[in-house]
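These are the residues of each chain, in order.
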Amino acid sequence: MRDLGVGFGYLLKGQRWMVRHRREFGFGLLPGLITLVLYAAALVALAVWGGDFVSWSTPFADDWSSPWQGLFRGLLTAVLFALGLLLAVLTFTAVTLLVGQPFYESLSEAVDRDVSPDGTAPESGLPLWRDLWVSARDSLRILVRAAVWGILLFALGFLPVVGQTVIPVIGFFVTGFFLTEELAAVALQRRGVELRERLALLRSRKLLVWGFGTPLGLAFLVPFVAVFLMPGAVAGATLLARDLRGEELAEGAEGAQDAEDPDDTAHDVAGPGRTQVTP
């Protein structure tokens, strides 16, 4: 259970890193703002024409008596919008990272240099066009996985009681996992870690991943919050990626404070997939 707090700690530390580097924060807002406008337009269109789509796709209910027709189609419209919102949360990070790939790559490198004991950052050695291609390809593969989960959760949402209680909770944890994968991919891709290995790393520390990604996914549901949290989320995911890879942090760096501090969620236990903290 300790990893839940550690993951949440990385989320907070990423935001604190951005507060200390305001120039990078300002540039980091632009990709999120562009993506937010696009997604807002899509969700508004879904809200306006979603009912018409449901009516068109359920002709068998045309002859149903009132109030059953209205209740049935109203429920489907609400579920359709909820699914659209879930997919928006799941895909917002991927699209924003793709739009802002050059900046977020530079931001992640800056975090690595800042917290690395030797002041260096891993580099992919690939040209920009190749980095963009790999990022787009992997994002598409993740989106397919997220869509499969979204459809499954959508179907399970019709189950009595469970569909309205347990399934939404599972949905937030699924969202948190995929959000973390997309964010950590910026740092891990520079280290030459392929998608399959990235997923294996994340699955080996699920509590860490959920502690980071689940509260972030909940925060992303609030309008405009995702735009302002995105740069810090990339910074925090870089710290998390270093933890997953067992890389050391410089003494006094963000995320490397003594674990004996009761106000800190960092950990000082070294082992497979954990960060060695200098005492």
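Definitions and cut-offs
- Each chain carries its own residue numbering, running from 1 in the written order of its sequence.
- Given that the model is predicted, a residue must reach a pLDDT of at least 70 before its local features are reported, and side-chain atom pairs must reach 80 or more before they are shown or counted; all residues, however, enter totals for whole chains, interfaces and linings.
- Each side-chain value is derived from all of the structure's non-hydrogen atoms; neither hydrogens nor water enter the calculation.
- Elements are defined by DSSP. Helices are runs of H or I of four residues or more, strands are runs of E of two residues or more, and each kind is numbered from the N terminus.
- For each residue, the accessible area found with a 1.4 Å probe, counting protein chains only, is set against the maximum for its type, and the residue is called buried under 20%, exposed over 50%, and partly exposed in between.
- Per-residue accessibility takes into account occlusion by the displayed protein chains alone, with areas from the Shrake-Rupley method and a 1.4 Å probe.
- Each nonpolar core is a collection of buried residues, namely Ala, Val, Leu, Ile, Met, Phe, Trp, Tyr and Cys, held together in the definition by side-chain atoms within 4.5 Å.
- Any two residues whose heavy atoms approach within 4.5 Å are treated as being in contact.
- To estimate the expected span of a helix, count its residues, drop one, and scale the result by 1.5 Å.
- Under the rule applied, a polar contact is a pair of N or O atoms within 3.5 Å (in protein, one hydrogen donor and one hydrogen acceptor; residues adjacent in sequence only if both atoms are side-chain atoms).
- Only residues whose relative accessible area exceeds 30% and that take part in no salt bridge are eligible for patches, with like-charged residues grouped when within 9 Å of each other and nonpolar side chains (Val, Leu, Ile, Met, Phe, Trp, Tyr) grouped when within 5 Å.
- Put simply, a salt bridge is a Lys or Arg side-chain nitrogen that is within 4 Å of an Asp or Glu carboxyl oxygen.
- pLDDT measures how confident the predictor is about each residue, on a scale from 0 to 100.
- Under this scheme, a helix contributes an axis fitted over its contacting stretch, all axes are lines through C-alpha atoms, and angles between N-to-C directions fall in the 0 to 180 degree range.
- For this classification, under 35 degrees means roughly parallel, over 145 means roughly antiparallel, 65 to 115 means roughly perpendicular, and everything else is oblique.
- Handedness of a crossing is defined here by the sense of rotation of the near helix relative to the far one, left-handed for an anticlockwise turn of less than a right angle and right-handed for a clockwise turn.
- Throughout, the arc means that of the directions going from the helix axis to the C-beta atoms.
- Throughout this entry, Asp, Glu, Lys and Arg are counted as charged residues, while Ala, Val, Leu, Ile, Met, Phe, Trp, Tyr, Cys and Pro are counted as nonpolar. The remaining residues, Gly among them, count as polar.
- Any two of the Phe, Tyr and Trp rings considered here, Trp counted by its six-membered ring, make a pair once their centres fall within 6.5 Å; the pair's planes then place it as stacked at under 30 degrees, edge-to-face at over 60, or tilted in between.

**A word on the overall build of the chain**
Here is step 1 of the chain: When helices and strands are counted, the chain shows nine helices and zero strands.
Here is step 2 of the chain: Ordered by position from the N terminus, the helices and strands of the chain form the series α-α-α-α-α-α-α-α-α.
Here is step 3 of the chain: Here the chain holds 279 residues, and 45% of them are scored as buried.
Here is step 4 of the chain: Accessible surface computed for the chain: about 13800 Å², of which carbon and sulfur atoms make up 69%.

**Quick notes on the nonpolar core**
Here is step 1 of the chain: Counting residues in hydrophobic clusters, the biggest one holds 49 residues, and the most contacted among them are Tyr10, Trp17, Leu107, Leu183, Phe212, Leu216 and Phe220.
Here is step 2 of the chain: No other element matches the eleven residues that helix H9 (residues 225-244) contributes to this core.
Here is step 3 of the chain: With near-sequence residues (within four places) excluded, Leu107 lies in contact with Trp17, Met18, Glu24, Pro231 and Val234.

**Description of helix H1 (residues 2-20)**
Here is step 1 of the chain: In this model, H1 (19 residues) spans 27 Å end to end at C-alpha, consistent with the 27 Å of a helix rising 1.5 Å per residue.
Here is step 2 of the chain: Among all positions in H1, only Asp3, Val6, Gly7, Gly9, Tyr10, Leu11, Lys13, Gly14, Gln15, Trp17 and Met18 are buried.
Here is step 3 of the chain: Next to the buried residues of H1 lie helix H2 (22-57), helix H4 (101-115), helix H8 (206-220) and H9.

**Brief notes about the side chain of Glu247**
Here is step 1 of the chain: With respect to the helices and strands, the residue Glu247 is situated in the segment after H9.
Here is step 2 of the chain: Of the polar contacts made by the side chain of Glu247, one reaches the side chain of Arg191; its length is 2.8 Å.

**Structural notes on a nonpolar patch on the surface**
Here is step 1 of the chain: Where nonpolar side chains cluster on the molecular surface, the patch consists of Trp149, Leu152, Leu159, Val161, Val162, Val166 and Ile170 and spans about 570 Å² of accessible area.
Here is step 2 of the chain: Considering every element that reaches the nonpolar patch, the biggest residue donor is helix H6 (residues 162-190), with three residues.
Here is step 3 of the chain: In this structure Val166 comes out as partly exposed when scored by relative accessible area, which is 40%.

**Overview of the confidence of the model for the chain**
Here is step 1 of the chain: Averaged over all residues, the pLDDT of the chain equals 80, while 86% of them reach at least 70.
Here is step 2 of the chain: Every residue in residues 258-279 is under pLDDT 50, and counting partners more than four places away or in other chains gives 52 contacts.

**Describing the environment of Thr175**
Here is step 1 of the chain: With respect to the helices, strands and loops of the structure, Thr175 is situated in helix H6.
Here is step 2 of the chain: Along the primary structure Thr175 and Val89 are separated by 86 residues, whereas in three dimensions their C-alpha atoms are 7.3 Å apart.

**Looking at the side chain of Glu109**
Here is step 1 of the chain: Along the chain, the position of Glu109 falls in helix H4.
Here is step 2 of the chain: With a relative accessible area of 18%, Glu109 lands in the buried category.

**Remarks on the packing of H1 against H9**
The packing of two helices is summarised by the inter-axis angle and the distance between the axes.
Here is step 1 of the chain: The geometry of H1 relative to H9 is characterised by a closest axis approach of 7 Å and an angle of 125° between their N-to-C directions. Judged by the angle between their axes, H1 and H9 are oblique. Regarding H1 and H9, the two cross each other, and that crossing is right-handed. Facing H1, whose interface residues are Val6, Tyr10, Lys13, Gly14, Gln15, Trp17 and Met18, H9 presents Phe228, Leu229, Pro231, Gly232, Ala233, Ala235, Gly236, Leu239, Leu240 and Asp243.

**Some words on helix H7 (residues 195-204)**
Here is step 1 of the chain: Regarding H7, the residues found buried are Leu195, Arg198, Leu199, Leu201 and Leu202. Mapping the buried residues of H7 onto a view down its axis gives an arc of 160°, with all of them on the same face. H7 presents Arg196 and Ser204 as exposed residues on the side facing more than 90 degrees away from its buried surface.

**Here's the deal with the packing of H2 against H9**
Here is step 1 of the chain: Running from N to C, H2 and H9 point in directions that differ by 135°, and their axes come no closer than 8 Å. It follows from the interaxial angle that H2 and H9 lie oblique. H9 is crossed by H2, and the crossing has right-handed handedness. Mapping the contact onto sequence places Phe25, Gly28, Leu29, Gly32, Leu33 and Leu36 in H2 and Val227, Phe228 and Pro231 in H9.
Here is step 2 of the chain: Of the residues belonging to the contact of H2 with H9, the class tally is seven nonpolar, two polar and no charged.

**Brief notes about the packing of aromatic side chains**
Aromatic ring pairs are defined here through the distance separating the ring centres and the angle between the ring planes.
Here is step 1 of the chain: Across all of its chains, the model carries seven aromatic pairs by this definition.
Here is step 2 of the chain: A centroid spacing of 5.0 Å and a plane angle of 50° characterise the contact between Trp64 and Phe72, whose relative ring orientation is tilted.
Here is step 3 of the chain: Three or more aromatic residues joined by ring pairs form one cluster here, namely Phe60, Trp64 and Phe72.

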